Amino acid sequence: MKSYKIARLAGDGIGPEIMREAVKVLDAVQERFECHFEYTDGVVGAAAIDACGDPYPDATHKVCVESDAVLFGAIGDPRFDNDPSAKVRPEQGLLRMRKSLGLFANIRPLVLFPALAERSPLRRERVEGVDFVCVRELTGGIYFGRPRGRSEDGSQAFDTCVYERREIERVVRKAFEMALMRRKHLTVVDKANVLATSRLWREVATEIAAEYPTVKTDFMFVDNAAMQLIQQPSFFDVMVTENMFGDILTDEASVISGSLGLLPSASLGEGVALFEPIHGSYPQAAGRNIANPMAMILSAAMMLDHLGLQAEAAAVRKGVEKAINDGVVTADLSHGEKSASTSEVGDYIAAFVKTDK
Ligand code: IPM
Ligand code: MG
């Protein structure tokens, strides 16, 4: 039987409770299929700051690099959000983790579950059939550029957006490869009418496009992309963009699906891959058993796919769809109707995965 080493980084807020449900579902996968998962826990985020003063300790990094995949919950804690004097922040742990694991491509797929078409803030005819992937660059741009900080008198603050050709090349290539496996349409999102980094993105993407003649490539300014996501989301197949544009556009896009609590992601790079929901730590819900575990469970499905366990991944996705169709959903999706708790949703999906019934 094939065995996989999984690093389990639950993190902050609702992280631990949604992670519990994902593991419950993976336990069901082990029960039904021929595979075994061996977990090693690592601390990260505010939990790690509390434990050892570092939001991404070396010990956690070691657990990640020695694993076949990393499952990650969420990071963030309101204790740090409005404290300008905080020297370390949980988010620094997330960024350092992405950087040190070389996770340069963040894959954020968006599909509309038919049963949720009415839950979308957009009209049914606009959202039906929406199925696209955003490939977000994850280890460069304004998130990491130097210099950053404050002028000496504190009256000025600055961040720097930097991209090197090779950083653009590798993520754009990944996006073209994804487009080849899908509907062969790639949209490169930038702000080339204003930003030098965007002009380099466009130059590099144009060169690489020549290697993929079967893919239809188009370029779109980010402000227009923000509008097109609402106006005609089914236009998109694969979208590739820089770090901060991708952060913003994917939060926007997530709403189309009916809830931010549904969207998983995969972060891929040079070594081990990481799987995390795109939502944050949702501190208001922490410990209350009300958060939607589906994005975490679907992230685990992306992990299964990545490990080559396609049938297993399909079973998990089917389980999520079944829970949605049967109305076994948390409050974010039930809209006043009876809602299930985090653990009830996990139980329901796990039970389906065990039996396929
Ligand atoms: C995300 C989050 C993070 C980001 C935050 C928590 C630093 O919003 O994964 O989208 O901006 O990348
Ligand atoms: Mg974000």
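Residues numbered from 1 in each chain as written. Chains lettered and ligands numbered in written order. Predicted model: local features only at pLDDT ≥ 70, side-chain atom pairs only at ≥ 80, totals over all residues. Heavy atoms only, no water.

### Some points on the overall build of the protein
Per the secondary structure count, the protein includes 14 helices and 12 strands. In terms of overall dimensions, the protein is globule-like: its C-alpha atoms have a radius of gyration of 20 Å, near the 21 Å expected for 357 residues. Along the three orthogonal principal directions, the C-alpha set of the protein runs to about 55 × 50 × 45 Å. Scored against the burial criterion, the 357 residues of the protein give a buried share of 54%. The long-range fraction of contacts in the protein, counting pairs at least 24 apart against all pairs at least 6 apart in sequence, stands at 75%. Surface exposure of the protein reaches about 15400 Å², of which carbon and sulfur atoms provide 53%. In the protein, 41 positive and 51 negative side-chain charges are present, and the distance between their average locations comes to 2 Å. (Helix = DSSP H or I, 4+ residues; strand = E, 2+ residues; numbered from the N terminus. Rg over C-alpha atoms; globule rule 2.2 N^0.38 Å. Buried < 20%, exposed > 50% of the residue type's maximum accessible area, 1.4 Å probe, protein only. Contact = heavy atoms within 4.5 Å. Areas by Shrake-Rupley, 256 points an atom, 1.4 Å probe, with all protein chains shown as cover. Lys, Arg positive; Asp, Glu negative; His and termini not counted. Charge placed at Lys NZ, Arg CZ, Asp CG, Glu CD.)

### Describing the site of ligand 1
Surveying the vicinity of ligand 1 reveals the residues E91, L94, R98, R108, R136, Y143 and D247. Within the side chain of R98, an N or O atom sits 2.7 Å from an oxygen atom of ligand 1. D247 places a polar side-chain atom, nitrogen or oxygen, 2.9 Å from an oxygen atom of ligand 1. Against a free-state accessible area of 320 Å², the protein chains account for coverage of 78% of ligand 1. The element that contributes the greatest number of residues to the shell around ligand 1 is helix α5 (residues 90-100), accounting for three residues. Here the residues of the shell around ligand 1 are counted per class, giving two nonpolar, no polar and five charged. (Near = heavy atom within 4 Å. Polar contact = N/O pair within 3.5 Å; in protein donor to acceptor, adjacent residues only side chain to side chain. Nonpolar A, V, L, I, M, F, W, Y, C, P; charged D, E, K, R; others polar.)

### Things to note about unusual backbone geometry
Cis peptide bonds are those with omega within 30 degrees of zero, and the linkage from R146 to P147 qualifies with 0°. Inspection of the secondary structure puts P147 in strand β6 (residues 145-150). Here Y282, not a glycine, exhibits a phi torsion of approximately 40°, which is positive. If you trace the backbone, Y282 turns up in the loop between β12 (273-277) and α11 (294-306). Residue classification places Y282 among the partly exposed positions, given a relative accessible area of 42%. Although it is not a glycine, H335 sits at a positive phi angle of roughly 45°. Along the chain, H335 falls in the loop between α13 (331-334) and α14 (342-355). Looking at H335, the relative accessible area reads 46%, which means it is partly exposed.

### Considerations on the sheet that holds strand β5 (residues 131-137)
Ordered in space as β2-β1-β3-β12-β11-β4-β5-β10-β8-β9, the 10 strands form an open sheet in which the pairing is mixed. Each having just a single partner strand, β2 (35-41) and β9 (216-221) make up the two edges of the open sheet. On average, each strand axis in the sheet is tilted by 25° relative to the strand beside it, whichever way the strands run. Bridging between strand β8 (residues 185-190) and strand β10 (residues 238-241) involves four bridges; their strand directions are parallel. The partner of V189 across the bridge, within β10, is T241. The sheet contacts of helix α8 (residues 196-209) involve β5, β8, β9 and β10, and relative to β9 the element is tilted by about 175°. (Pairing = 2+ DSSP bridges. Axes fitted to C-alpha atoms, helices over the stretch in contact; angles between N-to-C directions.)

### Remarks on the packing of aromatic side chains
Within this structure, the stated rule accounts for five aromatic pairs. Ring plane angle 5° and centroid distance 4.8 Å describe the contact between F176 and Y212, whose orientation is recorded as stacked. Placement of the pair is F176 in helix α7 (residues 165-181) and Y212 in the loop between α8 and β9, with a sequence separation of 36 residues. As far as burial versus exposure is concerned, F176 and Y212 are alike and both buried. Plain terms: the ring middles of F235 and F236 are 5.2 Å apart, the flat faces sit at 90° to each other, and that makes the pair edge-to-face. Among the residues examined, F235 registers a relative accessible area of 27% and is labelled partly exposed. When its relative accessible area of 0% is taken as the criterion, F236 is described as buried. Over the aromatic face of F144 sits the side chain of K99, whose NZ or CZ is 4.7 Å from the ring centroid. (Phe/Tyr/Trp six-rings, centres within 6.5 Å; stacked < 30°, edge-to-face > 60°. Lys NZ or Arg CZ within 6 Å of the ring centre and 35° of its normal.)

### Structural notes on empty space enclosed by the protein
Overall, the coordinates contain one cavity of 30 Å³ or more when judged by the stated rule. Taken as a whole, the largest cavity holds about 40 Å³ of empty space. Elements supplying a minimum of two residues to the lining of the largest cavity: β4 (105-111), β5 and α10 (243-256). Here the lining of the largest cavity is composed, by residue class, of six nonpolar, two polar and one charged. (1 Å grid on protein atoms, 1.4 Å probe; cavity = no way out; pocket = protein on both sides within 12 Å on 5 of 7 lines; lining within 4 Å. Points joined across faces, edges and corners; volume = space filled by probe spheres on them.)

### Examining the pairing of β12
Burial within β12 is extensive, with five of its five residues counted as buried. Both faces of β12 are covered, namely the face carrying A273, F275 and P277 and the face carrying L274 and E276. Examined bridge by bridge, strand β3 (residues 69-74) and β12 share three bridges and lie parallel to one another. What sits directly across from L71, in β12, is F275. Inspection of the sheet shows strand β11 (residues 264-268) paired to β12 by four bridges, in the antiparallel sense.

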